[in-house]
Amino acid sequence: MTDERTAYGWGLASVDAAGNTLDVWYPELTLGPAPAEADRGNHNFGALAHAEADARGVRRMPVFTVSKLDEPIESAEDAYLRLHLLSMRLAKPNTLNLDGIFAKLNNVVWTNYGPFAVDDFALRKLDVMNAAAQAGPLAPRADVNVLSIDKFPRMVDYVVPTGVRIGDADRVRLGAHLSEGTTVMHAGFVNFNAGTLGVSMVEGRVSQGVVVGNGSDIGGGASIMGTLSGGGKLKNSIGEHSLLGANAGIGISLGDNCVVEAGLYVTAGTKVTIYDKAKVAAGEPLETVKGAELSGKDNILFIRNSVSGRIEARYRKTGIELNEKLHKN
């Protein structure tokens, strides 16, 4: 008997001429101890798997991967399995060990023909276009369109979760966790190991490690600090029925029923004055604290006083309510 958390499944790996794994697609994954080799069944990839390289110089190979979810990532196959778990909603953000993920993933040229290796892309592109041209002058154009050069592909090319709307598929990375009822508008962005835990509107940026609670709204152009750029380990989050206004931002967590007014950025070091009506009426001085002291607390309205210019935290009794019809996806 073991308490070790594991997941397993058959994947279809793209392997370049140098033997590097460019990507792995897992149609299905299972949580729990992996079966013995004799009991794993067939991968069912059929003709999709081919040991000979295509015009991209890529072979597509079946791989059976077992991942120890609490241990550091061991391989590209392991990394892709964990990213799939997140996007398949089999794991929530910040519940898997993703240590080493950048070292295990290769930089890839993502195209309409699938992944290419970066090093010989120009020659391989020519091979693909020549192969397509041999089909005749009436064949569809063989242009190779580069979608991105990155370690992470688009989520929807691997996992299409039910009950969501995504305005621009390029802006949601594999490893994003989108709960049913989530709408990601065209300018919204959701990174890997981040996402929503309920019905949510995402018009801004949800960075790595950030989770957004049920009934909350990330306004257009808004931003939530993640952990990648600064190298920190603090995970910011937004609770339920909260609003991060358009072009606003936070470097702290918001609790439930909170609002940050449009255009206001609140970080851990921001000086925030706690507005107290009773103290104001009595002519008493108001308390000023750093934003970090209000991180994660419920029922707060963050605003910039348009007269004094100071940033204030005021009590807010209720949270926001999203349009139910809009998010019935």
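Each chain carries its own residue numbering, running from 1 in the direction its sequence is written. Where totals are concerned, whole chains, interfaces and linings use all residues; where local detail is concerned, this predicted model gives features only for residues with pLDDT of at least 70, and gives and counts side-chain atom pairs only at 80 or more. Working from all heavy atoms in the structure, the side-chain values ignore hydrogens and water.

- Labelled according to an unreviewed UniProt entry, the protein chain appears under the name 2,3,4,5-tetrahydropyridine-2,6-dicarboxylate N-succinyltransferase, originating from Bifidobacterium angulatum DSM 20098 = JCM 7096.
- Quoted verbatim from the Pathway (unreviewed entry) field of the UniProt record, the comment on the protein chain reads "Amino-acid biosynthesis; L-lysine biosynthesis via DAP pathway; LL-2,6-diaminopimelate from (S)-tetrahydrodipicolinate (succinylase route): step 1/3." UniProt positions are given in the numbering used here, feature names are shortened, and annotations may be inferred rather than shown by experiment.

1. Here we look at the overall build of the protein chain
Here is step 1 of the chain: Secondary structure assignment for the protein chain yields 4 helices and 26 strands.
Here is step 2 of the chain: Dimensions of the protein chain, computed from the C-alpha atoms along their principal axes, are close to 85 × 60 × 40 Å.
Here is step 3 of the chain: Whether two residues are in contact is decided by their heavy atoms, any of which lying within 4.5 Å being enough. Long-range pairs, those at least 24 residues apart, make up 49% of the contacts in the protein chain between residues at least 6 apart in sequence.
Here is step 4 of the chain: The convention is simple: Lys and Arg are positive, Asp and Glu are negative, and His and the chain ends are not counted. In plain terms, the charge of a residue is placed at NZ if it is Lys, CZ if Arg, CG if Asp and CD if Glu. Each charge class in the protein chain can be summarised by its mean position, and for the 33 positive and 37 negative side chains these summaries are 6 Å apart. Counting from the N terminus, the helices are the DSSP runs of H or I reaching at least four residues and the strands are the DSSP runs of E reaching at least two.

2. Quick look at a nonpolar patch on the surface
Here is step 1 of the chain: Here, patches come from residues exposed beyond 30% relative accessible area and free of salt bridges, joined within 9 Å for like charges and within 5 Å for nonpolar side chains (Val, Leu, Ile, Met, Phe, Trp, Tyr). Surface accessibility in these figures is a Shrake-Rupley result with a 1.4 Å probe; residues are shielded only by whichever protein chains are displayed. A side-chain nitrogen of Lys or Arg and a carboxyl oxygen of Asp or Glu constitute a salt bridge if their distance falls within 4 Å. A surface patch of nonpolar side chains, amounting to about 240 Å² of accessible area, comprises Val118, Val146 and Ile149.
Here is step 2 of the chain: Mapped onto the elements, Ile149 comes out in strand β7 (residues 146-150).
Here is step 3 of the chain: With a 1.4 Å probe rolled over the protein chains alone, any residue whose accessible area is under 20% of its type maximum counts as buried; one over 50% counts as exposed, and the rest are partly exposed. On the basis of relative accessibility, which here comes to 53%, the residue Ile149 falls in the exposed class.

3. Notes on the UniProt feature "binding site: succinyl-CoA" (unreviewed entry) in the protein chain
Here is step 1 of the chain: The positions UniProt marks with the feature "binding site: succinyl-CoA" (unreviewed entry) are Arg205, Gly220, Ser223, Ala246, Glu261, Ala262, Gly269 and Lys290. The named residues occupy 86 residues along the chain; their greatest pairwise C-alpha distance, 25.9 Å, places them well apart from one another.
Here is step 2 of the chain: Following the sequence through the fold, Ala246 ends up in the loop between β19 (243-244) and β20 (249-250).
Here is step 3 of the chain: With sequence-adjacent residues up to four places away left out, Ala262 is seen in contact with Gly245 and Ala246.

4. Notes on unusual backbone geometry
The phi torsion of most residues other than glycine is negative, and most of the peptide bonds are trans.
Here is step 1 of the chain: You will see that Asn44, though not glycine, has its phi angle at about 65 degrees, which is positive.
Here is step 2 of the chain: The topology assignment puts Asn44 in the loop between β3 (30-31) and β4 (59-68).
Here is step 3 of the chain: Phi is positive for Arg89, which is not a glycine, with a value near 65 degrees.
Here is step 4 of the chain: Turning to its location among the elements, Arg89 is positioned in the loop between α1 (76-87) and α2 (101-104).

5. Details of the UniProt feature "active site" (unreviewed entry) in the protein chain
Here is step 1 of the chain: In the UniProt entry, the feature "active site" (unreviewed entry) is given for Glu203.
Here is step 2 of the chain: When you line up the elements, Glu203 lands in the loop between β13 (200-202) and β14 (205-206).
Here is step 3 of the chain: Contacts of Glu203, omitting those with residues within four sequence positions, involve Met185, Ala187, Gly188, Asp217, Ile218, Gly219, Gly220 and Gly221.

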